[in-house]
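Remarks on the overall topology
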Number of protein chains: 2
Amino acid sequence: MSDIEDNDDLEPKEEPLLIPPLNFSMVSRGVYRSGYPNKKNHPFLKKLGLKSILYLCPEEYSESNTNFIRKHNINLFHYRIVGNKEPFVDIPDEYIRDALVDLLDVRNHPILIHCNKGKHRTGCLVGSLRKLQKWSYTYIFDEYRRFAGSKVRVLDQQFIELFNLEVPYNKKYKPDWL
Amino acid sequence: MSDIEDNDDLEPKEEPLLIPPLNFSMVSRGVYRSGYPNKKNHPFLKKLGLKSILYLCPEEYSESNTNFIRKHNINLFHYRIVGNKEPFVDIPDEYIRDALVDLLDVRNHPILIHCNKGKHRTGCLVGSLRKLQKWSYTYIFDEYRRFAGSKVRVLDQQFIELFNLEVPYNKKYKPDWL
């Protein structure tokens, strides 16, 4: 039984149900966001044809996801970010700036951004991206809250508002929606 | 003053703030969803380079939006759908089936789906699309609720669950994510 469960190549006769990871959504052309994917989400992720994953937690990547990305030649960008925790722990601006450089390079697309729940760290990165896209704060925070649900963090919204670093992305490879 | 406000061609010296419509999001490559756009959202919509708009309410399209789509050669698909209202008014399946035929034709992309709030009628159409994509109900309803917020309608979720019509979309022009 465990042999069968571990075999990613097993082709079921019917087209399988696709199970997106928690809080999955498309951010812009070539960019997706979600919570932490698990084995059940692999057929769904495979369909996205990902070139890269931007993983935003300090923990090592799970064995099952590591096997998945090796098998499908997906590049992992790993930023070891600890989430905002009132009142003492701040997300370092530089990590988000560096993550945006990877994110804004079409050679890495399609790319999936994820943390654990797809709410806070991912929300800060996407919010900072929206600032670069010149979106109004009303909408940036509306989008942040849509994913954070009842777990909205004021520090995250403050992070987005104060984020103002120059992002040295490569203009030659920037997405055309920026 | 009103002359200036009405002039879409006026180019401000600084890059303007972009204001997405209420509940705006990307659904899949080439497909967006939102609430009813107004004049403030036009510079944002212009940037999306839309080819079509799928409008899901019985009312005539606003003058300001009609001018906008004429100016930018955007095609309007107008399905005059009355929203689900417990217990007597149902969205007709056939309207959603026909709207999906327009939606699943890449010649109409990029396309924006919208109703008034971007919650119920748009949620039913996107939920039915997710069924065609073979997404699990858990995730289909999670996405529906993310946009409906506190205004979740059981009848909408029931509509999505029962929607099972064959959708006669043109296979030659279907998006590659289907």
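The structure reproduced in this document is the subject of the present report. (Residues numbered from 1 in each chain as written. Chains lettered and ligands numbered in written order. Predicted model: local features only at pLDDT ≥ 70, side-chain atom pairs only at ≥ 80, totals over all residues. Heavy atoms only, no water.)

Below, the discussion takes up a positive patch on the surface. A cluster of like positive charges, contributed by Lys47(A), Lys134(B), Lys171(B) and Lys174(B), occupies part of the molecular surface. Of note, Lys174(B) is situated in the segment after α7 (154–162). Take Lys174(B): its relative accessible area is 30%, and that puts it in the partly exposed class. (Patch = residues over 30% accessible without salt bridge, like charges linked within 9 Å, V, L, I, M, F, W, Y side chains within 5 Å. Areas by Shrake-Rupley, 256 points an atom, 1.4 Å probe, with all protein chains shown as cover. Salt bridge = Lys/Arg side-chain N within 4 Å of Asp/Glu carboxyl O. Lys, Arg positive; Asp, Glu negative; His and termini not counted. Charge placed at Lys NZ, Arg CZ, Asp CG, Glu CD. Helix = DSSP H or I, 4+ residues; strand = E, 2+ residues; numbered from the N terminus. Buried < 20%, exposed > 50% of the residue type's maximum accessible area, 1.4 Å probe, protein only.)

To continue, consider the interface of chain A and chain B. Often, the extent of an interface is quoted as the loss of accessible area on bringing the components together. Opposite the 26 residues of chain A that make contact, chain B presents 26 residues. Around 2,100 Å² of area is buried between chain A and chain B when both sides are counted, 58% of it from carbon and sulfur atoms. Of all residues in chain A, the largest losses of buried area upon contact with chain B belong to Met26(A), Lys134(A) and Arg146(A), amounting jointly to 28% of the total for that side. Remark: the boundary between chain A and chain B carries zero salt bridges. Taken together, the links from chain A to chain B amount to eight residue pairs in polar contact (both at pLDDT 80 or more). At the level of elements, β1 (25–28), α2 (42–48) and α6 (137–148) of chain A are the ones that each hand at least two residues to the side of chain A that touches chain B. Partitioning the side of chain A that touches chain B into residue classes produces 15 nonpolar, five polar and six charged. (Contact = heavy atoms within 4.5 Å. Buried area = accessible area lost by both parts, 1.4 Å probe. Polar contact = N/O pair within 3.5 Å; in protein donor to acceptor, adjacent residues only side chain to side chain. Nonpolar A, V, L, I, M, F, W, Y, C, P; charged D, E, K, R; others polar.)

Attention shifts here to the nonpolar core. Soluble globular proteins tend to bury their nonpolar side chains together. In terms of nonpolar packing, the biggest core is built from 98 residues, with Leu54(A), Leu103(A), Leu125(A), Leu54(B), Leu103(B) and Leu125(B) touching the most fellow members. Contacts of Leu125(A), omitting those with residues within four sequence positions, involve Leu54(A), Leu56(A), Ile96(A), Ala99(A), Leu100(A), Leu103(A) and Ile113(A). (Core = buried A, V, L, I, M, F, W, Y, C linked by side-chain atoms within 4.5 Å.)

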